[in-house]
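# A look at the structure
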Amino acid sequence: MSGTSGTRPYLIRRLAVLLVGTVIACAALLTAYYGVSRNSPAVDGRTTPAIVEVAAAETSLEASFTAAKAGLTGPAGPVEGAGEEYRAQLNAANQALEQAAMSTVAGDDGQQTLRTASGLVSSYGYLIQQAVRSGTDGVLRDAYVAAARSTLLRPESGIVDRLEAVQAAQRGVLGQQVSFGWLLALAWTVAFVLCGGLVWLLIDTQRMLRRRFRRRVNPALAAGTALLTALVLSLTVLAVQIQRQLHAAAERIEHDRTHGGIDAGTLHWVNAALRGTQWRAAATGWIALTGALIAALVLIGLQPRIDEYRFRHQGPARPADSPVSALLGVGARTQPVTAAVLAFWLVTIGGMAYGDRQDEHRSRVTVLASWSGPEKQRFEKVLKAFSSGTHRAISVSYQGTTALREVLLSRERTGDPPDIAILPSRGEAADYAARKVLTPLDGVLPKSTLDAYGPQWTSRAGGRVYAVPVKADLKSIAWYDAAAPPRDLTALAADGAHWCAGMGGDDTSGWPGTDWIEDILLQQSGTRAYEQLANGRLKWDSDVVARAWRTFGSVFTAGPARTALAEDYTQGLFHSAGPGACALEHQGTFIRSGYPQDRHADFVPTPRLLPGADPRSTAREVSADYAALLHDSPQARELMRFLTTDEAQRVWSEPDQDRPGNPFRPFFPFFPGRPPLSFPNDEQLNAHIDRELRGASALCLDASDSMPPRMRFAFQHGVLDYLSAPGPAKLSRVLRDLETVRKGIAPRGDRICGGS
């Protein structure tokens, strides 16, 4: 640059560098500042209200239970029922849940959880209603109140724990929004470096102009330098202020959560605290304007100097004089390299945008089932195998609840059913099929698969299949602690005090008792009477049915019956110790997933223990979980097909990594010709279950599960009603009520029992 011939190209290149540097530096500053300021409206306008709505729902539900319990047990309970305060709080909870589902920041999974919780609130309300209907029967009323409490507070699957899970996810989002993470720190570091480099270039350019043109100061460049410096300093101060206010809001939410609860006052405080950030966040729009002003000052400062050399030294255009060279600030030789760099960045940014778009529009399938705990974890492994295999473009969201019918009905009526539901009974599948809720599976699953199940294992209507079983469990067994087995199981079984028999189970409370009565009927009177009862062709007040109920009552006399009514079905074997602890449990094989890992459980067939049963009987009651398609889509069809494959069953059955063998291995319907399973030495319990299933002379599907929902719910309520005062008078009334319900339902001819 020693001669005048080199000054003009240098000035052109410097002008291009300064203009491009201004754009890049201001863009980096805009990115860094936006990274801080954008969180303010998100925290203020969505995250905090979402947290408050969920907290309000939780508070209202707990208050509703307190009010209901006080009203029902008070002197005016028989007249006023649960009371006005209960109804007001329940209504408030429903409204809060509705708002929370629309505004949650916990993502799709959080939204699904809130919808499940809404369905559980319906179940909770039903149980309170049943408690009200119990009138002066304090034992039955208290049983329903206990079931309602369990629906609210059951660990993991209760309403409150579900809401807490959503809150944890929302607080995690809040933490991300108020944190100054490494990515944001990097953005500010890059912005400071680029802006500092631009300031240095502006100062260096002024020094060059001072030497070449003998002018002490270039006013335009000096103004641009001052403006850029002021912009960086002011934005830094504003960003620090915003960050402090965001942290204060998060600290207030956390403080209120642990000191009295989050409520509307919390929201008002956060809104007031963040109100001052609104005008600070608006400074984002001034960055681009200030950048344009700095660019204009650079042009004003350098363009006249370039023009001076144009008129003093006319000559042919040089490579640097071309528009592309001037814009890029490079010579002709470096243009291909620059173009390659720009192409690289365009491809990278385009790829990132495409990836975001793909993630945003990734197909999603929702599944609703009754499994929780280890059963849920094992099923989620199956779903993960589906999504990680040839179906990576499909994500699956799972929700589990024991109040599956209430949740499903709630979501169906609001127009938001899950894509697939794993129904706990064939009768329920038939009910949904009759109401045209389910999609026939004839065109979804291969004919060979449907034929393999046979008529016993499928739910059919009008010659079409609407649900197929994906898992089966053995019943007609009694569990005990094999590490300290009782000496005389038969004598022990005669006293109901030794049985773990909690009847609570959300809106299905009473179902453990229906299993008892069905099994007694099967072992006392055989498969024909059992199948007739399931199909509505046997009177409830017939001798064989009444005998089964009386046998049930002879075991569960007043004391054990009251204990059973007060407990949840999950409080079974191994959950208590010391004098008075129960030692036997009449439950299906699914219950072993709830037993502690360090305990050794085993079972004996119930015909050896039930009074009046034939000890040589090999008929066994079984249950099955049925997959049904509610929302037809190509993605849901793919998952339905996968659930019936050998691959899905292999994943479901494979050993756990954190324990020997697979103690919670599921079992599947037995198809003709299917070879026997092999079990490793550390799965002897599974081998025992498999032998019992294959050795049965008849496998009978759970009778109440095969009944229409109306009959099944009446049966469950009848069990609770009978246990509130077991005796001849109560039994006569219960059976008379059940017979009245049966007469109003058309009998069926389903195949309930079949060979193993």
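Residues numbered from 1 in each chain as written. Predicted model: local features only at pLDDT ≥ 70, side-chain atom pairs only at ≥ 80, totals over all residues. Heavy atoms only, no water.

Here we come to the overall build of the protein. For the protein, the count of helices and strands is 28 helices and 12 strands. Taking all 756 residues of the protein together, 53% fall into the buried category. Taking contacts inside the protein between residues at least 6 apart in sequence as the whole, the part at least 24 apart equals 80%. By element, 56% of the accessible surface of the protein is carried by carbon and sulfur atoms, the whole surface being about 33700 Å². (Helix = DSSP H or I, 4+ residues; strand = E, 2+ residues; numbered from the N terminus. Buried < 20%, exposed > 50% of the residue type's maximum accessible area, 1.4 Å probe, protein only. Contact = heavy atoms within 4.5 Å. Areas by Shrake-Rupley, 256 points an atom, 1.4 Å probe, with all protein chains shown as cover.)

Looking along a regular strand, one sees side chains alternate from face to face of the sheet. Of the two faces of strand β11 (residues 698–701), both are covered, the one formed by Ala698 and Cys700 as well as the one formed by Leu699 and Leu701. Relative to β11, strand β10 (residues 619–629) runs parallel, the two sharing 4 bridges. By the bridge assignment, Val622 is partnered in β11 with Leu701. Relative to strand β12 (residues 753–754), β11 runs antiparallel, the two sharing 2 bridges. From the neighbouring strand, Cys700 faces β12, where its bridge partner is Cys753. (Pairing = 2+ DSSP bridges.)

Mapped onto the elements of the fold, Glu638 is located in helix α23 (residues 634–643). On the basis of relative accessible area, Glu638 is assigned to the partly exposed category, the value being 30%. Remark: the alpha-carbon pair of Glu638 and His391, spanning 247 residues in sequence, is separated by 8.4 Å.

The next point concerns the sheet that holds strand β7 (residues 499–500). Here we have 4 strands laid out as an open sheet, ordered β7-β8-β6-β9, and mixed in their pairing. The open sheet has two edge strands, β7 and β9 (601–605), and neither has a second partner. Of the strand pairs in this sheet, β7 and strand β8 (residues 584–586) are connected by 2 bridges, and their pairing is parallel. Each residue of the ladder has a partner; that of Cys500, found in β8, is Glu585.

Attention now goes to the packing of helix α4 (residues 84–103) against helix α5 (residues 107–133). What describes two packed helices is the angle between their axes and the distance between those same axes. It is at 9 Å that the axes of α4 and α5 come closest, and there the two elements cross at 165 degrees. One way to sum up the angle between α4 and α5 is to call them roughly antiparallel. For the pair α4 and α5, the crossing hand works out as left-handed. Of α5, the residues touching α4 (which contributes Tyr86, Leu90, Asn94, Leu97, Ala100 and Ala101) are Gln111, Leu114, Ala117, Ser118, Val121, Tyr124, Gly125 and Ile128. Among the residues making up the contact of α4 with α5, the classes are represented as 10 nonpolar, 4 polar and no charged. (Axes fitted to C-alpha atoms, helices over the stretch in contact; angles between N-to-C directions. Parallel < 35°, antiparallel > 145°, perpendicular 65-115°, else oblique. Left-handed = near helix turned anticlockwise from the far one by under 90°. Nonpolar A, V, L, I, M, F, W, Y, C, P; charged D, E, K, R; others polar.)

Trans is the common state for peptide bonds, and a negative phi is the common state for residues other than glycine. Positioned with a positive phi, Glu156 is a non-glycine residue whose angle comes to about 75 degrees. Inspection of the secondary structure assignment puts Glu156 in the loop between α6 (138–153) and α7 (159–178). Given the relative accessible area of 59%, Glu156 is considered exposed. Backbone geometry at Lys436 places phi at a positive 60 degrees, although glycine is not the residue there. The residue Lys436 is located in the loop between α17 (426–434) and α18 (447–457) in this model.

Under the counting rule described, the total for this entry stands at 2 disulfides. Here Cys500 engages in a disulfide with Cys582; their sulfurs sit 1.9 Å apart. Between Cys500 and Cys582, the S-S torsion sits near 95 degrees, and that sign places the bridge as right-handed. Placement of the pair is Cys500 in strand β7 and Cys582 in the loop between α22 (558–566) and β8, with a sequence separation of 82 residues. Comparing Cys500 with Cys582 shows no difference in burial state: the two are buried. Across a sulfur-sulfur distance of 2.0 Å, Cys700 and Cys753 are joined as a disulfide pair. Taking the sign of the S-S torsion, 115 degrees for the link of Cys700 and Cys753, the bridge is right-handed. Here Cys753 lies in strand β12 and Cys700 lies in strand β11, a separation of 53 residues in the sequence. Here Cys700 matches Cys753 in class, with each residue buried. In the protein, the bonded cysteines, numbered by position in the sequence, are linked as 1-2, 3-4. In this model Cys26 remains outside any disulfide bridge; the closest cysteine sulfur is found in Cys195, 6.4 Å from its own. (Disulfide = S-S within 2.5 Å.)

Nonpolar side chains in soluble globular proteins generally cluster together in the buried interior. In terms of nonpolar packing, the biggest core is built from 165 residues, with Tyr124, Trp540, Trp549 and Phe552 touching the most fellow members. When neighbours within four sequence positions are excluded, Trp540 is seen to be in contact with Leu533, Val545, Ala546, Trp549, Met707, Met711, Phe715, Leu735, Leu738, Glu739 and Arg742. In this structure, Ala187, Leu198, Leu202 and Leu302 belong to the second largest nonpolar core, which totals 51 residues. (Core = buried A, V, L, I, M, F, W, Y, C linked by side-chain atoms within 4.5 Å.)

A few words on the pattern of salt bridges. Applying the stated criterion across every chain, the model contains 35 salt bridges. Its salt-bridge partner being Glu739, residue Arg742 comes within 2.6 Å of it at the nearest N-O pair. With Arg742 and Glu739 both in helix α28 (residues 728–743) and 3 residues apart, the pair spans about one turn of that helix. Glu739 carries the same exposure label as Arg742, and that label is buried. In this structure, a network of salt bridges that share partners links the residues Arg405, Glu412, Glu428, Asp431, Arg435 and Arg712. (Salt bridge = Lys/Arg side-chain N within 4 Å of Asp/Glu carboxyl O.)

Here we come to helix α8 (residues 182–213). Between its first and last C-alpha atoms α8 spans 46 Å; for 32 residues at 1.5 Å apiece the expected length is 46 Å, and the two agree. Taken from the residues just after α8, Arg214 is the one with a positive phi, measuring 60 degrees. (Expected span 1.5 Å × (residues − 1).)

Within the element layout of this structure, Asp481 appears in strand β6 (residues 477–481). We classify Asp481 as buried; its relative accessible area is 15%. Engagement of the side chain of Asp481 in a polar contact is seen with the backbone nitrogen of Ala483, the distance being 3.0 Å. Once residues lying within four places of it in the same chain are set aside, the contact partners of Asp481 are Leu573, Phe574, Arg599 and His600. (Polar contact = N/O pair within 3.5 Å; in protein donor to acceptor, adjacent residues only side chain to side chain.)

A cluster of nonpolar side chains, namely Val20, Val23, Ile24, Trp182, Leu183, Leu186, Val190 and Leu194, defines an oily patch on the protein surface of about 760 Å² accessible area. In terms of residue count, the dominant contributor to the nonpolar patch is α8 (5 residues). Mapped onto the elements of the fold, Trp182 is located in helix α8. A residue is classified by how much of its surface remains accessible, and Trp182, at 67% relative accessible area, is exposed. (Patch = residues over 30% accessible without salt bridge, like charges linked within 9 Å, V, L, I, M, F, W, Y side chains within 5 Å.)

Of note, Thr514 is situated in helix α20 (residues 511–534). Filtering out sequence-adjacent residues up to four positions away, Thr514 remains in contact with Ser704, Phe715, Gln716 and Val719.

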